Amino acid sequence: MSIQVDRLHFSYRSKQVLTDITFSVEEPSLLCLLGPNGVGKSTLFRCMLGLLTGYSGSITAEGHHIRKLAPAQLARLVAYVPQSHSPAFSYSVQDMVLMGTASHFSLMSSPGRKERGLADEAMERLGILHLRERSFLELSGGERQLVLIARALAQQARILFMDEPTANLDYGNQLRVLQRVKELTRGGYTVIQSTHNPDQVLLFADRVLAMKDGRVFAWGTPGEVMNGELLKELYGVDIALEQLYGGAVSVCIPGFAVPAGAVGDGKRKLAGVSG
Ligand SMILES: Nc1ncnc2c1ncn2[C@@H]1O[C@H](COP(=O)(O)OP(=O)(O)OP(=O)(O)O)[C@@H](O)[C@H]1O
């Protein structure tokens, strides 16, 4: 379940996008990539998924240089979960999930009992087996997102990349999907997800990689790196972090919403004094 990125540099022609990115994940966990629009999160994903290969530095998954792996080998190590989308054709949920097993059989054959078993197992794990016969197009956004995650599980890779998995979901579905994602990490998966929501990082992440100007700006546990100064650097707005329930939970509060004269962790962190 390990992935290492070492001194990664990447440019689109003359445009340098990623500079000296280094981090590693050694055990099943949820890593959140945080950073403003255009900072290079998707580009980093594309490099880690082997879709962009013209980088310098190295990326290894389970000790294998991903650039050197054949597509079917890579598919056994890493899987990609896109944002919920509408396919051009109306597939059943089962067929959508079965697509994840494509690297397990040849072009000339079709999924058999083993692949159907993998698909069922993945749907079961995410609590969507009862949707098996439904059309993907008829599902809610939250259900669709779980189907796309199930498709990645059926691929049998243990490292999952998720591009803003809760984009376009209502608040309840955001939490339901992220709880499922978190359960996966407890079951041995490593999940690397991008997000624009720092509260999700505070609630769910084991590690956070904050990016600015295509570089690693901060790396560590949410407790180590998340504070008002970091968020101001990334997003250019004042945000206070308030600790609740004796520090068990932290939440973001926009600076404008902090009452004048308020005291508390949030105010101290907003002011840039460590709390
Ligand atoms: N194919 C491409 N050719 C040239 N430049 C690109 C290409 N794809 C992305 N870029 C540029 O690379 C930079 C990083 O883009 P990227 O999509 O990786 O950012 P991001 O952090 O994922 O953004 P967002 O949060 O908005 O999705 C941006 O300046 C973008 O315009």
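Rules of the game
Each residue is numbered by its place in its chain's sequence as written, counting from 1. Reporting in this predicted model follows two pLDDT cut-offs: at least 70 for local features of residues, and 80 or more for side-chain atom pairs to be given and counted; totals over whole chains, interfaces and linings ignore these cut-offs and use all residues. Only heavy atoms go into the side-chain values, all of them from the structure, while hydrogens and water stay out. Fitted lines through C-alpha atoms serve as axes, helices being fitted only where they are in contact, and the angles separating the N-to-C directions of these axes extend from 0 to 180 degrees. Numbering of helices and strands runs from the N terminus; a helix is a DSSP stretch of H or I covering at least four residues, while a strand is a stretch of E covering at least two. An angle below 35 degrees is read as roughly parallel, one above 145 as roughly antiparallel, one from 65 to 115 as roughly perpendicular, and any other as oblique. Note: crossing handedness is left-handed where the near helix turns anticlockwise from the far helix by less than a right angle, and right-handed where it turns clockwise. In what follows, a contact means two residues having at least one pair of non-hydrogen atoms within 4.5 Å. Throughout this description, buried means an accessible area under 20% of the type-specific maximum (1.4 Å probe, protein chains only), exposed means over 50%, and partly exposed covers the range between. Only when DSSP finds a minimum of two bridges between them are two strands counted as paired. Either an automatic procedure or a domain database provided the assignment from which the domain bounds are taken. Defined here as a combined quantity, buried area equals the accessible surface (1.4 Å probe) lost by two parts on assembly, summed across both. Any Lys or Arg side-chain nitrogen found within 4 Å of a carboxyl oxygen on Asp or Glu counts as a salt bridge. A 3.5 Å cut-off defines polar contacts: any pair of N or O atoms within that distance qualifies, except that in protein one atom must be a possible hydrogen donor and the other a possible acceptor, and neighbouring residues in sequence count only when both atoms are side-chain atoms. Residues enter a patch when their relative accessible area is above 30% and they make no salt bridge; the linking distance is 9 Å between like charges and 5 Å between nonpolar side chains (Val, Leu, Ile, Met, Phe, Trp, Tyr). Accessible areas in this description were obtained via Shrake-Rupley with a 1.4 Å probe; residue shielding takes into account the shown protein chains only.

By the naming in an unreviewed UniProt entry, the chain is ABC transporter ATP-binding protein, taken from Paenibacillus mesotrionivorans.

As a further point, take the packing of helix 4 (residues 113-125) against helix 5 (residues 141-154). For the pair helix 4 and helix 5, the least separation of the axes is 8 Å and the interaxial angle reads 135 degrees. As summarised for this structure, helix 4 and helix 5 are arranged oblique, according to the angle between their axes. At the point where helix 4 passes helix 5, the crossing takes the right-handed sense. The segment helix 4 lies against helix 5, with Leu118, Ala119, Ala122, Met123 and Arg125 engaging Ala150, Leu153 and Ala154.

On to the environment of Val225, then. Structurally, Val225 is set in helix 8 (residues 222-225). Accessibility expressed as a relative area gives 10% for Val225, which makes it buried. When the C-alpha positions of Val225 and Leu209 are compared, they lie 9.0 Å apart, and in sequence the two are 16 residues distant. Among all residues touching Val225, those that are not within four sequence positions of it are Val208, Ala218, Trp219, Gly220 and Leu230.

Once that is clear, we can look at the sheet that holds strand 3 (residues 30-34). Strand order across the open sheet formed by 6 strands is 6-7-8-3-9-10, with mixed pairing between neighbours. Two strands lie at the open edges of the sheet, namely strand 6 (78-81) and strand 10 (215-220), each paired on one side alone. Shown here is a sheet whose adjacent strand axes are inclined to one another by a mean of 20 degrees, direction ignored. Both strand 6 and strand 7 (residues 159-163) contribute to a ladder of 4 bridges, which runs parallel. Paired with Val81 across the two strands is Met162, which belongs to strand 7. Strand contacts of helix 5: strand 6 and strand 7, with the helix running at about 165 degrees to strand 6, the strand carrying the most contacts. Contacts between helix 9 (residues 228-235) and the sheet are confined to strand 3, strand 9 (207-212) and strand 10, with strand 9 contributing the most and set at about 40 degrees to the helix.

On to the domain arrangement of the chain. One can read the domain layout of the chain as domain 1 (3-226) and domain 2 (227-275). Placing a centre on the C-alpha atoms of domain 1 and another on those of domain 2 gives a separation of 30 Å. Contacts between the two partners involve 15 residues from domain 1 and, on the opposite side, 11 residues from domain 2. Summed over both partners, the interface of domain 1 with domain 2 buries about 1100 Å², with 68% contributed by carbon and sulfur atoms. Interface area lost by domain 1 to domain 2 is led by Leu202, Phe217 and Met226, which between them contribute 38%. Linking domain 1 with domain 2 are 1 salt bridge. The partner of Lys212 in a salt bridge is Glu233, and the shortest N-O contact between them spans 2.7 Å. Remark: the boundary between domain 1 and domain 2 carries 3 residue pairs in polar contact (both at pLDDT 80 or more).

The next point concerns a nonpolar patch on the surface. On the surface, Phe89, Tyr91 and Met99 cluster together to form a nonpolar patch covering roughly 290 Å² of accessible area. Position of Phe89 among the secondary structure elements: in the loop between strand 6 and helix 3 (93-98).

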